[in-house]
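Take a look at the letters that make up each chain.
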Amino acid sequence: MLRLSLFLSTLLCTCNLISSQFDATILNDNELNQEEDNNPCYPKNQNGIEKRATISRLKRCLWPGGRIPFILDSPFDDMKRNNILEAMRNWENRTCIRFVDREPDDRDYVSFIETKASCQTKTGRVGGEQFIKLGACARRVGNIIHELGHVIGFYHEQNRPDRDKYIKVFDDHIEPKFKDNFDKFPKSETRTIGYAYDYESIMHYGTHAFTNGEGPSFKIRKIGTDFESIVGQRSKVSDLDVAQARDMYSCNKLPVNSACVQNNGTEYRGTLDYTVSGVTCQRWSSNWPHSHAFYTESNIENKGLGDHNFCRNPNNRARPWCFTTKKRRSWQYCDLDPCQS
């Protein structure tokens, strides 16, 4: 996890430059204002007013089996075409999402279109051909990863109903026409499936997104000060992005492991990274969402811990376990049972 030491004066310029790059990326990301019109995955209330809901609540808007057919016929140059394919791999490498060439019988699919405008797309599977419009932002892989996140079914992280616990939004610092991008969705219209707020999400805006020049569009509250240098990142999907995508598409199927572990599994060094209920594990090197003191040199050397989220048993519990990515369930056993003698 990238951490920039803001207190070091020699790095102030570098940090400001990186922050500006994140913010410039977000300024081109106005799909909520333009692309969600007539989106069947953007339900309306009885008065015809658009209501926002997470796609996890609208199963019809998910891609069956996580399979997303696509067409890439637009004349992108080699760099942008490679960036698109790399962005797909970023999601595929850690989830069950699969981007596949469209077959003749695929009625629902995405089509990549090169435009002079900003990057825009609709959220979820809307039916028929839906466009992923990529402008100059396609020069960076992370921007495309973000747009694919929308296609998969994600809205923006700062729209969560619980966001005020984690960030403070300054409405008077945001350009009026972009204020919708900072709407807080009510609990009646959205849900977070129990996962923790994710400052590192590829779907989170940077602190100066759509600012009118009067100051930041939001600030991070004390609980998340460790993430000030990374919020708004456009490098890769985060661990919590992965956890939620897996949950939405039931990637973690049970039972998952027919093997057993000797004794209580203190010697287990496999790569299973989710619990018996299918919840993706928290990285051992991370203290978010659950703070702990297990990540020590001794446990790295002797207990198999590391900068990973694989199931381990560093404290001699009944079998391998991990901290979860859920807010309220701090840890859970993994689907690894002791061998029967």
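Residues numbered from 1 in each chain as written. Predicted model: local features only at pLDDT ≥ 70, side-chain atom pairs only at ≥ 80, totals over all residues. Heavy atoms only, no water.

**Q** So what's going on with the overall build of the protein chain? Residues and values would help.
**A** Along its length, the protein chain carries six helices and nine strands. The buried share of the protein chain, taken over its 341 residues, is 53%. Counting only carbon and sulfur atoms, one obtains 47% of the accessible surface of the protein chain, whose full area is about 16,200 Å². (Helix = DSSP H or I, 4+ residues; strand = E, 2+ residues; numbered from the N terminus. Buried < 20%, exposed > 50% of the residue type's maximum accessible area, 1.4 Å probe, protein only. Areas by Shrake-Rupley, 256 points an atom, 1.4 Å probe, with all protein chains shown as cover.)

**Q** Which residues make up the nonpolar core, and what values go with them?
**A** Ranked by internal contacts, the top residues of the largest apolar core, which has 57 residues, are Trp91, Phe99, Phe112, Leu134 and Leu148. Considering every element that reaches this core, the biggest residue donor is helix α4 (residues 141-152), with six residues. Among all residues touching Leu148, those that are not within four sequence positions of it are Ala87, Met88, Trp91, Phe99, Phe112 and Ile132. Listed in part, the 13 residues of the second largest apolar core include Tyr268, Tyr274, Cys311 and Cys334. (Core = buried A, V, L, I, M, F, W, Y, C linked by side-chain atoms within 4.5 Å. Contact = heavy atoms within 4.5 Å.)

**Q** Please set out the packing of aromatic side chains residue by residue, giving values where relevant.
**A** Within the structure shown, the criterion is met by 21 aromatic pairs. Ring centres of Trp284 and Trp321 lie 5.2 Å apart, and the angle between their planes is 75 degrees; on these two criteria the pair is classed as edge-to-face. With Trp284 in the loop between α5 (239-248) and α6 (297-302) and Trp321 in strand β8 (residues 321-323), the pair connects residues that are 37 residues apart, well separated along the chain. Overall, Trp284 belongs to the buried group, its relative accessible area being 0%. An angle of 70 degrees between the planes, with centres 5.6 Å apart, marks the rings of Trp321 and Trp331 as edge-to-face. In this pair, Trp321 sits in strand β8 while Trp331 sits in strand β9 (residues 331-333), placing the two residues 10 residues apart along the sequence. One aromatic cluster in this structure is built from Trp284, Phe294, Trp321, Phe323, Trp331 and Tyr333. (Phe/Tyr/Trp six-rings, centres within 6.5 Å; stacked < 30°, edge-to-face > 60°.)

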